[in-house]
Amino acid sequence: MTHQAAPRDQAAPSNALQTGIVQLRDVTEAIKVRIRNPAKLRNLELFLLIVAWVIAGSAMVLVQLGALQTVDLFPLQLAAGLGVLTLALHVALRVVAREADAIILPVATALNGLGIAMIYRIDIADGVTGWDAASMRQIAWTGVALIIAIVAIIVVRNHRVLARFRYLAMAIAFLLLILPLMPGIGRTINGATVWIGIGPFSFQPGELAKIALAIFFAGYLMTARDSLSVVGRKVLGVRFPRLRDLGPILVVWAMCMLVLVFQRDLGTSVLYFGLFLVMIYVATGRRSWMVIGVGLVALGGVAAYLSLGYVQRRIDAWIHAFDQSVYEAQGGSFQIVQGVFGMGQGGLLGTGLGLGRPDITPYANSDYIIPSLGEELGLAGIFAILGLYLILVSRGIRIGFQGPDDFTKLLGVGLAFVIGLQVFIVVGGVTRLIPLTGLTTPFLAAGGSSLLANWLIVALLLRLSDSVRGRGIV
Amino acid sequence: MSELTLIVIRIGFLAVLWLFIFIVLYSLRSDLFGPKLTPLQRVAVQSARSRESGATPTAPSESADAPTTVTERASASNASARSGDATRIVITSGPRSGLELDLPQTGLTIGRSSGSGLQIKDDYTSNQHAKIVRWRDQWVVQDLGSTNGTFVEGARISESTPVRVGSAVRIGTTTFELRR
């Protein structure tokens, strides 16, 4: 806090009545400061939001100039509509969460705008228009996601209520996870059974499940952290927890293995387990949980490699990406190699928006949007995008760090980490640091469920940061 | 459109992207490096620091100095760190280490009960454990008949004891101090 009411006290006379008056004045002083500060935060947010609009808008114009050589106003008008919705979210924050973090909304807006511009660029290259175009659907989904985020921030006034619904959150997460396996609505796309389809719409319920899981883990670990911190015997210099406390981590591990086997989705499974591992580490502060977790991942990984064909193919395509036989094989490394060469083509400053050929990589607008952006914006652009993610995640972890109670701390760290881990898995996959898995890039990739989930995370983080009273930016 | 204009626009876009990041980082600077101090405040912080490092060994003997009246002590603390300046409480060790709260001018109750201003939930804390109140122009900690006691600078207190900015107050496994 910036207010320094204290020096005035030095002049305070010892008369009790007058001291009372001085204290009253100090109190009113404090109130004045408290009203002025949040407005400062919101004004900063508005300024950053305008810069984010400029980035998103100019990306779209550059795409049109590069690929069409003209400026088509219609997509720009749609994007402006989304800008109005982000402004509505900003206004909602002014009313119901005045002390919320000022950075998160503009950064998410910039990322989402860059994503839409890139998806639009791929649509131009593929020659699709109207509702067939992924960019149209992406704009519509962004609108829906923003409206839901606004509703969430207005309805959820106190996120601590969510702690009471932790077992409901667990049930919802479980339901969302098994929905794609239900006959009739479950859909298998590219081998992974993570979709549900209702009419023309398809949805990935696992994306929403990660929020429900974060709420459940935070609520559960809030009550269980004491018993989970108790140490048992010491093995090789590391104090391990008691054997009977291993139940929860084994249950989560089993859940992730079931996702791996039945939904055939490596990325989601790693994401959920990583989320639990980090939250249990934050809750207990015991490194032994990390040792146990990494051990379980290694065990599961080896078992999956030996028994599941698609995991084996993924690992082969990762290690032997440039082998001619792997490159030409069905489900081989064609996509990885195309992406890597695309990024190489981009070089330091990129080919320029609308001027490269990112569309020849399969799924250039969803799984492979990072190489598409890397080709047209170059290393400088990709690092800027990763920097935006870094800022977003660090704000979330900062909110968790400053949280006044255990639930806020755990939920803040969990939600921020899930974005960070997802970016790591995707970017690590397309750059051949780790095996490629089919996760979406938060805010950038084409896909409604991912947008919905990530804007909900933004709404929750904003709500959390509002409860960390007056601790934003001074 | 000429080749050159396109290149300029392209690089301009990347520049705007990075500008955005640097604006964000600039507005986060107080979060990264702490709030900006006026020159006067900086001098005050530095002198308080040097005093703290010099005064620490003598502090316990001073608090054990029984005949000192509170008024004398108040004038003594006028010369050193004035506790009346404190506006925050920072928990320095214990399960909720790192937590900061505003210290209201009306004082703060500490205990296990949910009505406490600072709620400490452990086995060593009584329901109504202690109270921090403002007396004249300094902060005073009072033990409210707790089972396991309240410690100021390592010594268990039996009566209202003035606390200075930066001196450690321990309740159960939690230690906190007043800050400006």
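Not measured: the values here are computed from a predicted model.

Another aspect to go through is the pairing of strand β11 (residues 174–179) of chain B. Residue and element names in this part refer to chain B. Here β11 shows a clear split, with Thr-174, Phe-176 and Leu-178 buried on one side and none of Thr-175, Glu-177 and Arg-179 buried on the other. In this sheet, β11 lies alongside strand β1 (residues 88–93) in antiparallel orientation, the contact comprising five bridges. If you follow Ser-93 over to β11, its bridge partner there is Thr-175. Here three bridges tie strand β10 (residues 169–171) to β11, and the two strands are oriented antiparallel to one another. Considered in β11, the bridge of Ile-171 is made with Thr-174.

The sites that carry the UniProt feature "domain: FHA" (unreviewed entry) are, in the present numbering, residues 108–157 of chain B. The span residues 108–157 of chain B carries 0% helix and 46% strand; its end-to-end C-alpha distance comes to 17 Å.

As a further point, take helix α4 (residues 134–155) of chain A. Residue and element names in this part refer to chain A. End to end, α4 covers 31 Å across 22 residues, agreeing with the expected 32 Å (1.5 Å per residue, within 8%). Along α4, the positions that sit buried rather than exposed are Ala-134, Ser-135, Gln-138, Ile-139, Trp-141, Thr-142, Ala-145, Leu-146, Ala-149, Ile-150 and Ile-153. On its buried side, α4 packs onto α2 (73–96), α3 (104–126) and α16 (448–467).

As a further point, take the packing of α3(A) against α4(A). Residue and element names in this part refer to chain A. Interaxial distance between α3 and α4 falls to 8 Å at its minimum, and their mutual angle equals 155°. Classified by the angle their axes make, α3 and α4 are roughly antiparallel. Here Asn-112, Ile-116, Ile-119, Tyr-120 and Asp-123 of α3 come into contact with α4, specifically with Ala-134, Ser-135, Gln-138, Ile-139 and Thr-142.

In this section: helix α6 (residues 166–178) of chain A. Residue and element names in this part refer to chain A. Look at α6: 19 Å from first C-alpha to last across 13 residues, which is about the 18 Å you get at 1.5 Å a residue. Of the positions making up α6, those classed as buried are Arg-166, Ala-169, Ala-173, Leu-176 and Leu-177. Down the axis of α6, the buried set is contained in an arc of 100°. They therefore lie on one face. Buried residues in α6 make contact with α5 (161–164), α7 (205–229) and α8 (247–263).

Bringing the sheet that holds strand β2 (residues 100–102) of chain B into the picture now. Read from one edge of the open sheet, six strands run β2-β1-β11-β10-β7-β8 (chain B), paired in antiparallel fashion. Single-partner strands in this sheet number two, and they are β2 and β8 (155–156) of chain B.

Residue and element names in this part refer to chain A. Spatially, β1-β2-β3 is the arrangement adopted by the three strands of the open sheet, whose pairing is antiparallel. What marks the edges here is a single partner per strand, and that holds for β1 (186–189) and β3 (201–203). The sheet shows a mean angle of 45° between the axes of neighbouring strands, taken without regard to direction.

Quick look at the UniProt feature "transmembrane region" (unreviewed entry) in chain B now. UniProt's feature table lists "transmembrane region" (unreviewed entry) at residues 6–28 of chain B, given in the numbering used throughout. Secondary structure content for residues 6–28 of chain B is 96% helix and 0% strand, and the end C-alpha separation is 33 Å.

Thresholds applied
- Here the residue index of a chain counts from 1 through its sequence in written order.
- In the order they appear in the text, chains get letters beginning with A and ligands get numbers beginning with 1.
- Totals for whole chains, interfaces and linings use all residues, but because this is a predicted model, local features are given only for residues with pLDDT of at least 70 and pairs of side-chain atoms are given and counted only at 80 or more.
- Here a residue counts as buried when 20 or more other C-beta atoms fall within 10 Å of its C-beta, as exposed when 12 or fewer do, and as partly exposed in between; the C-beta atoms come from the backbone.
- Where helices and strands are cited, they refer to DSSP runs of H or I of at least four residues and of E of at least two residues respectively, numbered from the N terminus.
- Should DSSP find at least two bridges between two strands, the strands are regarded as paired.
- UniProt positions are given in the numbering used here, feature names are shortened, and annotations may be inferred rather than shown by experiment.
- For a helix, the expected span equals 1.5 Å multiplied by the number of residues minus one.
- We call two residues in contact whenever the C-beta atoms placed from their backbones are within 7 Å.
- Axis lines are fitted through C-alpha atoms, for helices just across the contact stretch, and the angle between N-to-C directions can take any value from 0 to 180 degrees.
- Geometric relationships in this document are graded by angle, where less than 35 degrees denotes roughly parallel, more than 145 denotes roughly antiparallel, 65 to 115 denotes roughly perpendicular, and other angles denote oblique.
- The reported arc concerns the directions from the helix axis to the C-beta atoms and nothing else.

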